[in-house]
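Topology and contacts: notes
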Amino acid sequence: MANEQVLHGNTLVLVRPVPHAPANLRLARATGDSVTLQWDRAETANRYAVIMVRPALNPPIQTPVFEGAAQASFCTIHNLEPDTEYEFHAQAGNGTGWSPESNHILVRTPARAP
């Protein structure tokens, strides 16, 4: 992704576009109370965020559950309910702003063993 150069009077301003969305958001592991998600990093990103939605709630509420640095390519979200469906998506950010949303994934935490 190239930077755009804009000339304002005698000042050259470097405009850095927002990064592309993280690619290939996927479930790596699920337990009764946590999930680990992975994604492919986006060029020019220096931070990532993961947002969780509980589709069963009316209205569904989006909750940021992770924000990490440019090296991040996975996160584990704890304190989830067993046997519950969650929806997740990720975004990449830089000094200009946040990317569009990644693919959304639905995850159901396993039920606890009796």
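Below you will find a few notes about this structure. The structure displayed is predicted, hence computed values, not measured ones.

Notes on the overall build of the protein chain
Scanning the protein chain from N- to C-terminus turns up zero helices and ten strands. Going residue by residue from the N terminus, the α and β elements of the protein chain occur as β-β-β-β-β-β-β-β-β-β. For the protein chain, buried positions account for 34% of its 114 residues. Taking all contacts inside the protein chain whose residues are at least 6 apart in sequence as the whole, residues at least 24 apart take part in 57%. About 6800 Å² of surface is accessible on the protein chain, with carbon and sulfur atoms providing 50% of the total.

Considering the packing of aromatic side chains
What the rule picks out here adds up to three aromatic pairs. Consider the rings of tryptophan 39 and tyrosine 48, whose centres lie 5.8 Å apart with planes at 45°: the pair is tilted. Assessed through its relative accessible area of 2%, tryptophan 39 is described here as buried. Their ring planes at 55° and their centres at 5.9 Å tell us that tryptophan 39 and phenylalanine 66 sit as a pair that is tilted. Within this pair, whereas tryptophan 39 is found in strand β4 (residues 35–40), its partner phenylalanine 66 is found in strand β6 (residues 62–69), the two being separated by 27 residues in sequence. Three or more aromatic residues joined by ring pairs make a cluster, and in this case those are Trp39, Tyr48 and Phe66. The lysine or arginine in question, arginine 47, covers the ring of tryptophan 98, its NZ or CZ lying 4.5 Å from the ring centre.

Observations regarding the sheet that holds strand β3 (residues 23–30)
On the basis of which strands lie adjacent, the open sheet formed by three strands has the order β3-β4-β7 and antiparallel pairing. Because the sheet does not close on itself, it has two edges, and the strands there are β3 and β7 (74–77). Looking at each pair of strands side by side, their axes are set apart by 20° on average, direction ignored. As defined by bridge partners, β3 adjoins β4 across five bridges and the pair is classed as antiparallel. Counted as the bridge partner of alanine 23 is aspartate 40 from β4.

Calculation notes
Residues numbered from 1 in each chain as written. Predicted model: local features only at pLDDT ≥ 70, side-chain atom pairs only at ≥ 80, totals over all residues. Heavy atoms only, no water. Helix = DSSP H or I, 4+ residues; strand = E, 2+ residues; numbered from the N terminus. Buried < 20%, exposed > 50% of the residue type's maximum accessible area, 1.4 Å probe, protein only. Contact = heavy atoms within 4.5 Å. Areas by Shrake-Rupley, 256 points an atom, 1.4 Å probe, with all protein chains shown as cover. Phe/Tyr/Trp six-rings, centres within 6.5 Å; stacked < 30°, edge-to-face > 60°. Lys NZ or Arg CZ within 6 Å of the ring centre and 35° of its normal. Pairing = 2+ DSSP bridges. Axes fitted to C-alpha atoms, helices over the stretch in contact; angles between N-to-C directions.

No statement about biological role is implied by the geometric values presented.
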